[in-house]
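# Breakdown of the fold
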Amino acid sequence: QAQLVESGGGSVQTGGSLRLSCAASGDTSCIAAMGWYRQVPGMDRELVAVITSGGIATYADSVRGRFTISRENNKIYLKMNNLKPADTDVYYCNAAANNRPAHRCPHIPIWGQGAQVTVSS
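The notes below deal with the structure included here. Keep in mind that this is a model prediction, so the values were computed, not measured. (Residues numbered from 1 in each chain as written. Predicted model: local features only at pLDDT ≥ 70, side-chain atom pairs only at ≥ 80, totals over all residues. Heavy atoms only, no water.)

What follows concerns the pairing of strand β4 (residues 31–39). Burial runs high along β4: seven of the nine residues are buried. Pairing between β4 and strand β9 (residues 89–97): six bridges, direction antiparallel. Considered in β9, the bridge of Met34 is made with Ala95. (Buried < 20%, exposed > 50% of the residue type's maximum accessible area, 1.4 Å probe, protein only. Helix = DSSP H or I, 4+ residues; strand = E, 2+ residues; numbered from the N terminus. Pairing = 2+ DSSP bridges.)

Turning our attention to the state of the cysteines. Counting across every chain of the model gives two disulfides. Linked covalently through their sulfurs, Cys22 and Cys93 form a disulfide whose S-S length is 2.0 Å. Handedness here is read from the sign of the S-S torsion; for Cys22 and Cys93, about -85 degrees, the answer is left-handed. Placement of Cys22 in strand β3 (residues 18–25) and of Cys93 in strand β9 is noted, with a sequence separation of 71 residues between them. For Cys22, a relative accessible area of 1% puts it in the buried group. A relative accessible area of 0% places Cys93 in the buried class. (Disulfide = S-S within 2.5 Å.)

Judged by nonpolar contacts, the single largest core of 32 residues is most densely connected at Met34, Trp36, Leu78, Met80 and Tyr91. Secondary-structure elements contributing two or more residues to this core are β3, β4, β5 (45–51), β7 (67–72), β8 (75–80), β9 and β11 (115–120). Take this core: its biggest share by element is four residues, from β3. Aside from chain neighbours lying at most four places away, what touches Leu78 is Leu18, Arg19, Leu20, Trp36, Val48, Ala49, Phe67, Thr68, Ile69 and Tyr91. (Core = buried A, V, L, I, M, F, W, Y, C linked by side-chain atoms within 4.5 Å. Contact = heavy atoms within 4.5 Å.)

Strand order in the open sheet formed by four strands is β1-β3-β8-β7, with antiparallel pairing between adjacent strands. At either end of the open sheet lies a strand with only one pairing partner, and these are β1 (3–7) and β7. Pairwise comparison of adjacent strand axes, ignoring direction, gives a mean angle of 15 degrees for this sheet. Direction of pairing for β1 relative to β3: antiparallel, over a ladder of five bridges. From the neighbouring strand, Gln3 faces β3, where its bridge partner is Ser25. (Axes fitted to C-alpha atoms, helices over the stretch in contact; angles between N-to-C directions.)

Below, the discussion takes up the environment of Lys79. Mapped onto the fold, Lys79 is located in strand β8. Put simply, Lys79 and Phe67 are 12 residues apart on the chain and 5.5 Å apart in space, counted from C-alpha to C-alpha. If we skip the residues at most four places from it in the chain, Lys79 touches Ser17, Leu18, Arg19, Arg66, Phe67 and Thr68.

Rendered as structure tokens:
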């Protein structure tokens, strides 16, 4: 079963930068798009950025222009610039299934363990 392991969280002041990493290991044959989510208080997880296997990226309006998602095979990164206190959250890496039959990939989608990002004012 594939596994996502995150790293790179930390604490910065307003305007600072961080880079998150997420590496998929194990059987990665089911993985298509990968992305980053964060927990909206009292709501479901919010999609921050997603990138397809072909490198096409999509961003939430709240981070567009400040965050950049990139991908090297089944490892993704989130470069976060000009961080704001509102960006403080736990960021979760996610991997979605490709077009293989669902029964072939019952473990997908999968999630990373979460990386804490704290932005102080």
